Amino acid sequence: MPRHRLATPLSTAAALTLAGAMAATLVLAAAVARLEYDKVALAFQQRASARVQAIGQGLEEAVEVVAVTNGLFAATGTVSRRQFHDFTAPLLARLPFIQAFNYHRVVEHDARAALEAELSLQVPATSITEMQAGGGRAVAPQRARYHVVDYLEPMAGNDAAFGLNVAGNAAVMAALARATEQNGPAATGLLSLAQDTRRNSGFEVIMPVYRPGAALATPEQRRAALVGDTAAIIRASVLVQQILDRAELAVDPDMLVWVYASASADPARIVYGQGAPGAARTRLAQWLAPAAGEPLRVTLTVAGQPWHVMVDAAPRPFLSEHLGSLGTLVGGALFALLMSAFVHTLVRRSRRVQLLVDAATADLTLSNQRLIDDVVARRQAEAALQTSEQRFRQLVAMSSDWYWEQDAELRFIDITGGAGAKGGLTPDSMIGRTRWETVDGMEDSDWGRAHIARLLAREPFTNLEYATRDEHGELRWLCIHGEPLFDADQRFTGYRGTGTDITARKLTEQRIQHIAQHDVLTGLPNRSLLQDRLGQAVAYSARSGHPVWVMLIDLDRFKLVNDSMGHKAGDVLLMTIAARLRSALRDTDTVARLSGDEFVMILTEHDDEHLNPDIVQRLMDAVAQPVLLGQKEFFVTCSIGVAVYPTDSAGSGAAGLIEHADIAMYRAKQLGRNNFQFFTPAMNEEAMERVRIESALRNALERDQFVLHYQPQVNLASGKVVGMEALIRWQHPELGMVAPHRFVPVAEETGLIVAIGAWVMRTACAQTKAWQDAGLGRLRVAVNLSARQFGAANLLADIGAVLEQTGMAPELLEIELTESLFMSDVTVAVETMHGLKKLGVQLSIDDFGTGYSSLSYLSRFPIDVLKIDRSFVSDIQRDASDAAIVASIIALAHNLKLDVIAEGVETAEQLDYLRRHRCDEMQGYYFSRPLAASDFEQLLRQKQCLPSQAQHPARILA
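Residues numbered from 1 in each chain as written. Predicted model: local features only at pLDDT ≥ 70, side-chain atom pairs only at ≥ 80, totals over all residues. Heavy atoms only, no water.

Before going further, it helps to examine the confidence of the model for the protein. Of all residues in the protein, 89% attain a pLDDT of 70 or more, and the chain-wide mean is 82. Looking at the elements of the protein, mean pLDDT is at its lowest for helix α7 (residues 283–288), recorded as 50, and at its highest for strand β32 (residues 921–923), recorded as 95. Of the regions scoring below 50 in pLDDT, residues 1–8 engages in 12 contacts with residues more than four places distant in sequence or in other chains. Below pLDDT 50 for its whole length, residues 952–958 participates in 20 contacts with residues either more than four positions away or in separate chains. (pLDDT = per-residue confidence, 0-100. Helix = DSSP H or I, 4+ residues; strand = E, 2+ residues; numbered from the N terminus. Contact = heavy atoms within 4.5 Å.)

If you want it as structure tokens, here you go:
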């Protein structure tokens with residue numbers, strides 16, 4: 001029968017409803033989409049910045065490797081090939097991005113034959129070669145100077161560069177020039193390496209090596225002292241890949257990274273990239289997967305070489321980031337359609353019946369067709385299921401994970417994907433067992449009980465990390481993910497999931513944690529871990545009531561080892577002392593390296609073992625054992641300060657213990673070293689006094705608070721004043737007249753003594769010249785020289801300038817030196833003293849007999865006067881030994897044609913003894929105390945003197 005299909009045009013009311021609702025929906029969806037775009041762009045900027053920062057930090061760390069290698073030459077001076085190999089081998093093993101380490105030696109043409117002979121000992125028939133313009137190498141022609149690859153590690157794979165002259169490589173030589181100018185590392189751009197057939201496959205980081213002992217203050221001095229350079233050949237793409245892998249930023253399909261060895265995105269200088277940057281996209285692709293924003297472009301400068309990093313977001317499906325706006329759009333559209341349909345239904349209800357009849361007829365036709373299609377689709381689905389299962393098994397076999405299944409009783413029923421090879425597991429030993437039956441201690445641990453509770457609650461889990469033993473007994477770390485399974489009736493049927501072996505990552509995390517909290521040289525805890533251990537010890541003491549001892553150990557005269565044997569020997573000594581301290585303590589105690597040659601130890605007391613001073617003495621005895629450094633045996637002592645918690649905490653807790661131990665150690669140093677002291681509150685007061693003096697001392701010169709007093713030096717034969725010793729005094733407005741023994745040691749330690757000593761020298765010379773010009777006699781002035789002044793490089797120039805500026809006659813200036821000034825390096829001291837003699841000044845040894853010098857040195861030192869220390873003079877009437885020493889010093893000095901001045905003469909008997917033994921001069925309270933300049937001038941004008949040797953020695957005549 002014929003069918004009559006009724007026309008169903010949309011009514012005006014329904015059309016208006018649809019149009020209004022759709023317009024509102026579009027506006028709302030656009031606003032939500034704008035918020036979603038902003039969120040995606042912000043996330044992209046954060047993730048992109050993380051990659052740029054990681055690449056910049058990684059490049060800086062790669063440059064630091066060259067600085068470490070260069071330090072080997074700076075520390076030892078002459079480095080052998082074996083030392084170079086031993087030093088670089090662990091670095092090459094740890095840093096796969098380094099193609100090679102090498103040492104370029106600067107060789108003049110006269111030394112070419114000798115160098116080629118030495119290179120041939122390593123690789124037969126080696127000649128100095130050069131890279132050719134068309135590729136390949138050739139024997140280098142005669143040149144005035146060569147920069148030759150002398151040391152090369154590893155040789156395997158890099159032998160093409162051995163003996164290569166890089167002087168013709170403009171990029172390498174430009175980098176070396178920058179490194180010499182800046183006295184630091186410099187990098188080249190991308191280079192074509194002799195040992196690599198690829199073009200522009202790596203770059204080189206260079207640091208200059210200078211002649212030992214040469215002056216390096218200016219670029220000209222450094223260029224003159226250049227003897228070669230150390231360099232690292234770095235594979236740029238491998239370096240960037242390792243940086244991203246180490247930061248776990250490499251595997252991210254949403255982020256694309258490109259790195260260029262240039263200041264811009266030069267395609268010819270790309271070293272790392274993911275796809276083609278800025279590839280054109282169709283309009284449909286841009287709508288389905290919009291970009292997250294403009295790519296992030298950053299230019300970094302590392303060791304003088306620019307690096308351009310560009311990070312872009314990979315296209316993402318529209319739905320992944322815009323569910324909100326799409327939901328708003330779809331929901332609004334659906335609402336609009338429903339409303340318009342409702343309106344349309346009311347208008348067109350009369351026509352619905354005919355439409356239903358037509359629809360029923362069409363449904364019957366479609367049902368028949370669908371039945372046929374279902375049979376075909378079922379067959380296709382079965383084939384697709386088989387293909388999917390095969391693809392799943394292939395993916396599991398190729399991935400780093402394995403797949404597992406458990407039944408309803410949580411027992412393993414299937415483990416596939418190579419769990420034995422990838423995770424060290426034996427599948428057969430796990431089938432039929434639960435996880436806690438295969439992992440020892442899991443049921444007794446907090447994490448294990450929490451995991452079992454989660455399984456019983458039928459909850460999914462991710463990133464379950466735990467440690468277990470494999471079939472060989474080795475510890476393995478695994479990461480497990482799982483989800484529960486339910487049948488059609490929602491009955492629990494078991495779990496399934498994946499597993500990954502994360503042992504390598506865990507070991508790396510443990511190594512990083514150890515490095516962050518331990519000293520690199522000694523392996524002891526560093527300052528960070530020390531604070532944590534100290535906090536734990538204080539907490540233990542607060543709970544148990546047992547005291548905690550904090551000991552600060554400082555090695556005595558450690559600088560002598562560094563100066564005489566070098567820093568490498570000093571490092572060996574520090575490692576030896578660290579081992580001895582560890583072995584001398586209990587397992588529950590802590591020893592840490594604070595800095596330099598300072599160690600800190602934390603000792604806790606227990607019920608069965610009390611702390612006592614014998615423990616400290618045992619540590620000092622352990623340190624004092626001889627240490628063999630090279631062919632020499634060294635004996636090193638230490639000074640120890642001890643602070644006790646809670647006795648010495650004084651409310652400051654753990655923070656103040658180390659400070660108090662340091663104060664006690666400083667007191668041990670003051671008492672002559674090689675002893676230990678327990679902290680007392682008096683020490684803290686002295687330390688605060690020292691801080692106050694140091695703070696005030698820094699402004700004393702500027703505020704003109706120093707004055708000079710002068711003590712007369714009298715000729716014993718004539719009784720006349722022939723000179724004086726300039727003695728500094730500090731006139732502080734609050735502290736009053738500060739004695740030298742209170743502030744001079746502080747000035748020595750802080751280095752302020754250099755400026756103070758220079759002021760004393762100028763003031764004393766100017767005053768003496770003024771008295772001479774006033775007709776008060778041709779007097780000699782004695783000025784003490786501190787250890788820091790004596791070791792200053794500009795000492796001679798400064799004294800010469802003072803003599804010239806004041807007009808002082810050089811022979812009237814007497815420089816007083818103590819024996820301790822020149823005992824550390826006699827050769828340098830002798831040179832300095834001869835330089836002083838060339839200026840024309842007089843030299844005297846102060847406090848003679850109290851130091852440790854050998855008498856044989858007197859024949860080498862160009863001195864004029866010996867000053868006998870007051871400690872010998874004061875007892876010459878009561879102590880026969882002191883009297884004999886004084887007489888011997890006078891006789892020795894006269895035999896060496898030296899004058900003798902006795903200090904501290906206070907009695908007529910002492911004066912008589914000195915005259916009888918032909919002492920030349922004296923100074924002391926018997927004649928006069930140190931006087932202010934005005935009082936001393938009055939003494940000179942009154943011409944006060946001692947009676948001559950023929951008169952009675954006990955009277956002072958005016």
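Okay, the side chain of S445 next. Considering the arrangement of structural elements, one finds S445 in the loop between α13 (435–438) and α14 (446–456). Side-chain polar atoms of S445 contact the backbone oxygen of M442, separated by 2.9 Å. A distance of 3.1 Å separates the side chain of S445 from the backbone nitrogen of G448, its partner in a polar contact. (Polar contact = N/O pair within 3.5 Å; in protein donor to acceptor, adjacent residues only side chain to side chain.)

Taken together, the four strands give an open sheet; going across it, the order is β9-β8-β11-β10, and neighbouring strands pair in antiparallel fashion. Of all the strands in the sheet, the pair left with one neighbour each is β9 (270–272) and β10 (296–302). Sheet twist, expressed as the average angle between the axes of neighbouring strands with direction ignored, equals 30°. In this sheet, strand β11 (residues 305–313) lies alongside strand β8 (residues 255–260) in antiparallel orientation, the contact comprising six bridges. Bridge pairing links L256 to D312 in β11. With respect to the sheet, helix α6 (residues 236–246) is in contact with β8, β9 and β11, its orientation differing from that of β9 by roughly 40°. (Pairing = 2+ DSSP bridges. Axes fitted to C-alpha atoms, helices over the stretch in contact; angles between N-to-C directions.)

Our next topic: the packing of helix α1 (residues 12–76) against helix α2 (residues 81–94). Relative to each other, α1 and α2 sit at 160°, their axes nearing to 11 Å. Between α1 and α2, the angle is such that the two are roughly antiparallel. Crossing handedness for the pair α1 and α2: right-handed. Between α1, through V65, V68, T69, L72 and F73, and α2, the contact on the second element is made entirely by Q83, F84, F87, T88 and L91. (Parallel < 35°, antiparallel > 145°, perpendicular 65-115°, else oblique. Left-handed = near helix turned anticlockwise from the far one by under 90°.)

A word on the packing of aromatic side chains. Within this structure, the stated rule accounts for 20 aromatic pairs. Taking the centre distance of 4.7 Å and the plane angle of 35° together, the rings of F73 and Y103 count as tilted. Residue F73 is located in helix α1, and its partner Y103 is located in strand β1 (residues 98–108); the two are separated by 30 residues in the primary sequence. The burial state of F73 is the same as that of Y103; both residues are buried. Considering the side-chain rings of W404 and F461, the 6.4 Å spacing of their centres and the 20° angle between planes classify their relative orientation as stacked. Of this pair, W404 sits in strand β12 (residues 401–406) while F461 is found in strand β14 (residues 461–469), placing the two residues 57 residues apart along the sequence. The buried category is assigned to F461, whose relative accessible area is 4%. Feature note: the residues W404, F412, F461, F486, F492 and Y495 constitute an aromatic cluster, connected by ring pairs. The ring of W404 is capped by R435, whose NZ or CZ atom sits 4.9 Å from the centre of that ring. Geometry around F492 places R458 over its ring, the cationic atom sitting 3.9 Å from the centre. (Phe/Tyr/Trp six-rings, centres within 6.5 Å; stacked < 30°, edge-to-face > 60°. Buried < 20%, exposed > 50% of the residue type's maximum accessible area, 1.4 Å probe, protein only. Lys NZ or Arg CZ within 6 Å of the ring centre and 35° of its normal.)

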